[in-house]
Amino acid sequence: MRKQFLGNFAVIMGNVLTTIRSLAATSDMAAPVVIAASGNQTGTLIFLHGLGDTGHGWASAIAGIRPQSVKVICPTAPTMPVTLNAGFRMPSWFDLKALDVGSAEDDEGILQASQNIHSMIESEVKSGIPPNRIVLGGFSQGGALALYSALTYPEKLAGVVALSCWLPLRKNFPAAQKCPNDLPVLQCHGDCDPVVPYKWGQMTASLLKNLVKGPEFKSYRGLMHTSSDDELQDVKEFIHRNIASQ
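Residues numbered from 1 in each chain as written. Predicted model: local features only at pLDDT ≥ 70, side-chain atom pairs only at ≥ 80, totals over all residues. Heavy atoms only, no water.

A. Fine view of the nonpolar core. In terms of nonpolar packing, the biggest core is built from 43 residues, with Leu151 and Leu183 touching the most fellow members. Among the secondary structure elements, those contributing two or more residues to this core are β3 (43–48), α2 (107–126), β7 (134–139), α3 (141–151), β8 (159–163) and α4 (198–208). When residues in this core are grouped by element, the largest group, 7 residues, is from α3. Residue contacts for Leu183: discarding those within four places in its chain leaves Ala150, Leu151, Lys156, Leu157, Gly159, Val160 and Val212. Ranked by size, the runner-up nonpolar core spans 26 residues in total, among them Val33, Ile62, Ala158 and Val235. (Core = buried A, V, L, I, M, F, W, Y, C linked by side-chain atoms within 4.5 Å. Buried < 20%, exposed > 50% of the residue type's maximum accessible area, 1.4 Å probe, protein only. Helix = DSSP H or I, 4+ residues; strand = E, 2+ residues; numbered from the N terminus. Contact = heavy atoms within 4.5 Å.)

B. A look at α4. Along α4, the residues classified as buried are Tyr198, Trp200, Gly201, Thr204, Ala205 and Leu208. Seen end-on, α4 carries its buried residues on one side only, within an arc spanning 155 degrees. Where α4 is buried, its residues touch α3, β9 (185–190) and β10 (216–220). (Arc of directions from axis to C-beta.)

C. Geometry of the pairing of β7. Of all 6 residues in β7, 6 are buried, a share of seventy percent or more. Residues Ile134, Leu136 and Gly138 point to one face of β7 and Val135, Gly137 and Phe139 to the other, with burial holding for every one of them. In terms of strand pairing, β3 meets β7 through 5 bridges, oriented parallel. Residue Thr44 lies in a different strand from β7, and its bridge partner there is Ile134. Of the strand pairs in this sheet, β7 and β8 are connected by 5 bridges, and their pairing is parallel. The residue bridging Gly137 from the neighbouring strand is Val161, located in β8. Handedness of the β-α-β unit built from β7, α3 and β8 comes out right-handed. (Pairing = 2+ DSSP bridges. Right-handed = clockwise from strand over helix to strand, strands pointing away.)

D. Spotlight on the packing of aromatic side chains. Under the counting rule described, the total for this entry stands at 5 aromatic pairs. Measuring from ring centre to ring centre gives 4.7 Å for Phe47 and Trp58, while their planes differ by 40 degrees; the resulting arrangement is tilted. Taken together, the residues Phe47 in strand β3 and Trp58 in helix α1 (residues 56–65) connect sequence positions 11 residues apart. Each member of the pair, Phe47 together with Trp58, is buried. With centroids separated by 5.7 Å and ring planes inclined at 85 degrees, the aromatic side chains of Tyr148 and Phe173 adopt a geometry described as edge-to-face. Of this pair, Tyr148 sits in helix α3 while Phe173 sits in the loop between β8 and β9, and the two are 25 residues apart along the sequence. Of the two residues, Tyr148 and Phe173, neither departs from the other in class, the shared state being buried. Here the aromatic cluster, defined as three or more aromatic residues joined through ring pairs, consists of Phe47, Trp58 and Phe139. (Phe/Tyr/Trp six-rings, centres within 6.5 Å; stacked < 30°, edge-to-face > 60°.)

This is the structure:
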């Protein structure tokens, strides 16, 4: 599920400072890629990669679409055996049993992973960035975790970006929801996705309408399990709009 670049989209990093550091709350994970804000930091964007990828897989693209005053954090998931891939060990936020609507889910792993993401958010809050200046996002499995983590976080975030994904433990909602119902949500999905079926995105979009006000669902004709220039532009506009409005 490694994210691929389509078209001639290019990201020019300029003189952005890139550092690698570990977060105390997630010491069992590899150090995340951290891209500092230019000048005074006014917000934070935490973006979670897909199965088998690392924080480096999305760092450049996300840095290219964020406001310059926003810090980017791209963590790498712990390495673990993944049932879906015959037990092969790879970076994974939680175990995937199968990619099927009716398959069993890794309840304990999903809950632990979301607690780790909440700890990352709390670390930013302690550093002076309030929750309503923090955007959480992700692609594929990372998008699923971002969506679940945002919905179960007790305060309103600036927004959540969910790309080519689904809502884990969907049967637990709305009981599991802790966020306010005005959480901004941008959900994006290619209509030719062979990995996470488009219908999963549609089902998730229908569920979200009952949980939050005005969630956005954008589909992309012919797009498979990857990203595109158009999608990244939509993500950019969502991030700028919701951080700037706070």
